[in-house]
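Coordinate inspection notes
Listed here are the chains, written in short residue letters.
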Amino acid sequence: MMKFIREALNTALIVLGILSAGLGLKGFLLSSHFIDGGVTGISMLLANVLGWPLSILILVINLPFIALGYRQIGKAFAIRSTLAIAGLALCLAFFKYPDVTPDKLLTAVFGGFFIGAGIGLAIRGGAVLDGTEIAALLISKSSHLLKVGDVILLLNILIFSAAAFFLGIESALYSMLTYFAASKTVDFLIHGVDEYTAVIIMSERSEEIRQIILRELQRGVTIYKGRGGLSDTEQDILFCVVTRLEIGRIKTAAHGVDADAFIVVHPLADADGGVIKKLALNA
């Protein structure tokens, strides 16, 4: 029963994502000749230049990446993504969306917002509407120089450079704004406002700091055994995962015990289990 409910929820998220992305594309961007980044941006650029149907291009360009990335993303994810992309293509072909606004700034920002919301909702449902990340993963695996983020950056530089040549500088600049709005919306939907952050604390009074984190802040702590590079003395190294909004509390608590405590903070892609605060979207 729980599996059925989970699959129903995933399906609902994917359908909402398709409808949202369709609104961003047909309700905002297409009439102003703006594009997004990634594989969707390539499809939109070709549709503008060649006059081919966007629904067909999105399907044709995305599906090969899903097929090539089958082993990396898994069978269930590949099937969901194929159906989601096909659903978006059908939505673009047959759904009627109003042209919401002629204002270029609003078109860029809200077009990007609805596309990003659609992609983010689909990802939360276990699918993708854009094969960019899969393409970047495949390229990075065959190259020792490029990481996934580097591939995505280079791909978008090429896309927006081509947009400036074929659509004009102004359209390319608005398209970059669209991509920025879409990417930030995707990040928000996946990670939430209070993104997970790892905090490492090194102090001679680590036991007192640990007690405060456990009792007052009610966060889990992992203890590593370490040795000071200069002092050559053994000490406990504290590692805890908190939300971005709680970093200040952790720092204040640690420095309240030891003003010389060494604290390292770095973001995490995700965290699950243990004594951590659940993100609002996962609650």
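Parameters at a glance
Residues numbered from 1 in each chain as written. Predicted model: local features only at pLDDT ≥ 70, side-chain atom pairs only at ≥ 80, totals over all residues. Heavy atoms only, no water. Pairing = 2+ DSSP bridges. Helix = DSSP H or I, 4+ residues; strand = E, 2+ residues; numbered from the N terminus. Polar contact = N/O pair within 3.5 Å; in protein donor to acceptor, adjacent residues only side chain to side chain. Contact = heavy atoms within 4.5 Å. Buried < 20%, exposed > 50% of the residue type's maximum accessible area, 1.4 Å probe, protein only. Phe/Tyr/Trp six-rings, centres within 6.5 Å; stacked < 30°, edge-to-face > 60°. Patch = residues over 30% accessible without salt bridge, like charges linked within 9 Å, V, L, I, M, F, W, Y side chains within 5 Å. Areas by Shrake-Rupley, 256 points an atom, 1.4 Å probe, with all protein chains shown as cover. Salt bridge = Lys/Arg side-chain N within 4 Å of Asp/Glu carboxyl O.

Turning next to the pairing of strand S2 (residues 222-227). On a regular strand, each side chain points to the face opposite its neighbour's, so the side chains alternate between the two faces of the sheet. Examined bridge by bridge, S2 and strand S3 (residues 234-243) share 6 bridges and lie antiparallel to one another. Looking across to S3, one finds that threonine 222 is bridged to phenylalanine 239. Taking the residues between adjacent antiparallel strands as the criterion, S2 and S3 are bridged by 6 residues, where aspartate 232 takes a positive phi near 60°.

Mapped onto the fold, asparagine 62 is located in helix H3 (residues 54-68). A polar contact of 3.0 Å, which involves the side chain of asparagine 62, links it to the backbone oxygen of isoleucine 58. Excluding its chain neighbours within four sequence positions, the residues that come into contact with asparagine 62 are Val39, Leu57, Ile85, Leu129, Asp130 and Gly131.

With 5 of its 7 residues buried, strand S1 (residues 196-202) lies for the most part within the structure. Where S1 lies against S3, 7 bridges are found, and the strand directions are antiparallel. In the sheet register, methionine 202 faces S3, and the bridge partner there is isoleucine 237. The pairing of S1 with strand S4 (residues 262-267) spans 6 bridges and is classified as antiparallel.

The geometry of an aromatic ring pair is captured by the separation of the ring centres together with the interplanar angle, meaning the angle of the planes. This model, assessed by the stated rule, comprises 6 aromatic pairs. Ring geometry for tyrosine 224 versus phenylalanine 239: centroids 6.2 Å apart, planes at 75°, classification edge-to-face. With a gap of 15 residues between them, tyrosine 224 in strand S2 and phenylalanine 239 in strand S3 connect regions that are remote in the sequence. Taking the relative accessible area as the measure of exposure, tyrosine 224 reaches 45% and is therefore partly exposed. Ring-pair connections join several aromatic residues into one group, and the members of that group are Phe28, Phe113 and Phe114.

Glancing now at a nonpolar patch on the surface. On the surface, a nonpolar cluster with roughly 590 Å² of combined accessible area is contributed by Val15, Leu16, Leu19, Leu90, Phe94 and Phe95. Every element with two or more residues in the nonpolar patch is listed here: helix H1 (2-32) and helix H5 (75-94). Per-element accounting of the nonpolar patch gives the leading share, 3 residues, to H1. The residue phenylalanine 94 is located in helix H5 in this model. We classify phenylalanine 94 as exposed; its relative accessible area is 64%.

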